[in-house]
Amino acid sequence: MYVIRLADGTLRVPQSLTSEDGRLIGNAYVEVQPGEPGYEQWLAESLTEEEAALRRRRWEEENDDLEREFLAFKAEQEEGA
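Only a predicted model underlies this, so the values are computations on that prediction, with no experimental measurement involved. (Residues numbered from 1 in each chain as written. Predicted model: local features only at pLDDT ≥ 70, side-chain atom pairs only at ≥ 80, totals over all residues. Heavy atoms only, no water.)

Caption draft 1: Geometry of the overall build of the protein chain. Each helix and strand in the protein chain was counted, giving two helices and four strands. Walking the protein chain from its N terminus toward its C terminus, one meets helices and strands in the order β-β-β-α-β-α. Relative to the 2.2 N^0.38 estimate, which gives 12 Å for 81 residues, the radius of gyration of the protein chain is 18 Å and therefore markedly larger than a compact globule would have. Residues counted as buried form 17% of the 81 residues belonging to the protein chain. (Helix = DSSP H or I, 4+ residues; strand = E, 2+ residues; numbered from the N terminus. Rg over C-alpha atoms; globule rule 2.2 N^0.38 Å. Buried < 20%, exposed > 50% of the residue type's maximum accessible area, 1.4 Å probe, protein only.)

In structure tokens:
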């Protein structure tokens, strides 16, 4: 999940909620407005919605080679078992 910078300057920061024993309950975004604590820190690593979409598309397109490598590795592991 990326820190998303909206056109009005608002940041959508990913946040995970976990139980007391550490189990993941869910992932969500919280909005941080300019001037709020932590804004400047998150701003430095934020992406626009378009940049985030481009990264997702690129990852999906480039994922085919990675998936083939993984499936070949998995098949090797299964053959050796």
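Caption draft 2: Local environment of the nonpolar core. In terms of nonpolar packing, the biggest core is built from five residues, these being Val3, Leu11, Val13, Val32 and Tyr39. Setting aside residues no more than four positions away along its own chain, Leu11 makes contact with Val3, Ile4, Arg5, Val30, Glu31, Val32, Tyr39, Trp42, Leu43 and Ser46. (Core = buried A, V, L, I, M, F, W, Y, C linked by side-chain atoms within 4.5 Å. Contact = heavy atoms within 4.5 Å.)

Caption draft 3: Representation of the side chain of Ser19 in the model. Along the chain, the position of Ser19 falls in the loop between β2 (11–18) and β3 (24–32). Judged by relative accessible area, Ser19 falls into the buried class, the value being 18%. Among the polar contacts listed, one links the side chain of Ser19 to the side chain of Asp21, at a separation of 2.3 Å. (Polar contact = N/O pair within 3.5 Å; in protein donor to acceptor, adjacent residues only side chain to side chain.)

Caption draft 4: Structural view of the pattern of salt bridges. Following the criterion strictly, the structure yields two salt bridges and no others. Salt-bridge contacts for Glu31 lead to Arg12; the nearest nitrogen and oxygen are separated by 3.1 Å. Note that Glu31 is positioned in strand β3 and Arg12 in strand β2, a separation of 19 residues in sequence. Looking at Glu31, the relative accessible area reads 45%, which means it is partly exposed. Judged by its relative accessible area of 31%, Arg12 is partly exposed. Of the charged contacts in the structure, one is a salt bridge between Arg23 and Asp21, with a shortest N-O distance of 3.0 Å. (Salt bridge = Lys/Arg side-chain N within 4 Å of Asp/Glu carboxyl O.)

Caption draft 5: Examining the sheet that holds β3 more closely. Reading across the sheet, the four strands line up as β3-β2-β1-β4 and stay open at both edges, with mixed pairing between neighbours. Both edges of this open sheet fall to β3 and β4 (47–48), since each of them pairs with a single strand only. Inspection of the sheet shows strand β1 (residues 4–5) paired to β2 by two bridges, in the antiparallel sense. In the strand pairing of β2, Ile4 is matched with Arg12. (Pairing = 2+ DSSP bridges.)

Caption draft 6: Expanded view of the pairing of β3. Of the strand pairs in this sheet, β2 and β3 are connected by eight bridges, and their pairing is antiparallel. Each residue of the ladder has a partner; that of Ser16, found in β3, is Asn27. Connecting β2 to the next strand, β3, in antiparallel fashion are five residues, including Gly22 with a positive phi near 95°.

Taken by themselves, the reported measurements are silent on function.
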